[in-house]
Each structure stands twice: as structure tokens, then as C-alpha cells.
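# Working through the structure, step by step
Read off the chains here:
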Amino acid sequence: MNLLLSQVTVLVLLPLLVMGCGNRHRSALSTALRFLLVVILVWVYLILARIHLSDAQVAAARSIEELQVIYDGDGAKNALAAVFGWVPGAFAATLAWGCSRMRRWFSSWLGAKT
């Protein structure tokens, strides 16, 4: 449960911090670089989490047969994290960008009303 909570925290808070804090959305290049940074950071985090989980499974194995099962099944999981790990990062960055834009739009709209 704690591992899942930490992953959700990283996948939600990291994009919000990178995309939202200090981003004025005035420069498309700045926003695009922040978007790319979020995608790369989340991708690297997912690969490192996959490596950590694999190491924990190997450490918990009690026999050669259990190790063989772990090593036989790890290839697809590692390849999935390496090849498609950018997708959650892109999704999280898109949501963070949308939340940041909406926050700025609402604050400017409320400022115009007063």
C-alpha cells in the first residue's frame, strides 16, 4: 500500500510542481521544455521503480526455481516500462498543464470581475 501511495504521489505531485510552479505560460518553448522534463522524470522514475521491484523479488526468492520464474517473467515487464514508460508521464504532464492553465484562467477571470 505504501509503495502504491508513493507512486501515485510522485505521478501526481511531480508534474503539478514542474508545470505549475513559476510557469507563466507566456513562452511556448518554456512550457514545452517543462512538459518534456515531466515526461522524462516520470519515465525515469518508473524504470527505477521497476528495477527496485525486480531486485526486491530476487532478494525474496528462496530457491533456484523461484529465481528462474522471476527471471523468465521479468523481460516483458522491464520492456514495457522502458518502451511505454513515457505514456503515464505524458498523461500526467497534460493534466498538470491543463490544471495550471485553468488556475491561471480562473484567477485572471476573477481578477477582472472585481
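Look up a bit, the structure's there.
Scope of this entry: the structure provided in the associated data block. (Residues numbered from 1 in each chain as written. Predicted model: local features only at pLDDT ≥ 70, side-chain atom pairs only at ≥ 80, totals over all residues. Heavy atoms only, no water.)

## Thoughts on the packing of helix H2 (residues 28–60) against helix H3 (residues 64–84)
Helix-helix packing is described using two parameters, namely the angle between the two axes and the distance between the axes. Filter applied, for reference: To define axes, lines are fitted to C-alpha atoms, for helices over the stretch in contact only, and angles between the resulting N-to-C directions are given on a 0 to 180 degree scale. Counting from the N terminus, the helices are the DSSP runs of H or I reaching at least four residues and the strands are the DSSP runs of E reaching at least two. Orientation is classified from the angle alone, with under 35 degrees giving roughly parallel, over 145 giving roughly antiparallel, 65 to 115 giving roughly perpendicular, and any other angle giving oblique. A contact between two residues is defined here by any heavy atoms of the two lying within 4.5 Å. Three categories are distinguished: nonpolar for Ala, Val, Leu, Ile, Met, Phe, Trp, Tyr, Cys and Pro, charged for Asp, Glu, Lys and Arg, and polar for the others, with Gly belonging to the last.
Where H2 meets H3, the axes come as close as 10 Å, and the angle between the chain directions of the two elements is 175°. By the angle class used here, H2 and H3 are roughly antiparallel. Each of Trp43, Ile47, Arg50, Ser54, Gln57, Val58 and Ala60 in H2 lies in contact with H3, whose residues at this interface are Glu66, Leu67, Ile70, Tyr71, Asp74, Lys77, Asn78, Ala81, Ala82 and Val83. Tallied by class, residues from the contact of H2 with H3 come to 10 nonpolar, 3 polar and 4 charged.

## Considerations on the nonpolar core
Under the convention used in this document: What is meant by a nonpolar core is a set of buried Ala, Val, Leu, Ile, Met, Phe, Trp, Tyr and Cys residues, joined one to another through side-chain atoms within 4.5 Å. The cut-offs for exposure are 20% and 50% of the maximum accessible area for each residue type, with area from a 1.4 Å probe on protein chains only; residues under the lower value are buried, those over the upper are exposed, and the others partly exposed.
If you look at the biggest cluster of nonpolar residues, it comprises 9 residues: Val18, Met19, Val38, Val39, Val42, Leu46, Ala90, Ala93 and Ala96. Looking at this core, the elements that each hand over two or more residues are helix H1 (2–20), H2 and helix H4 (86–113). Among the elements that take part in this core, H2 stands out by supplying 4 residues, more than any other. Not counting residues within four places of it along the chain, the set of residues in contact with Val39 comprises Trp86, Gly89, Ala90 and Ala93.

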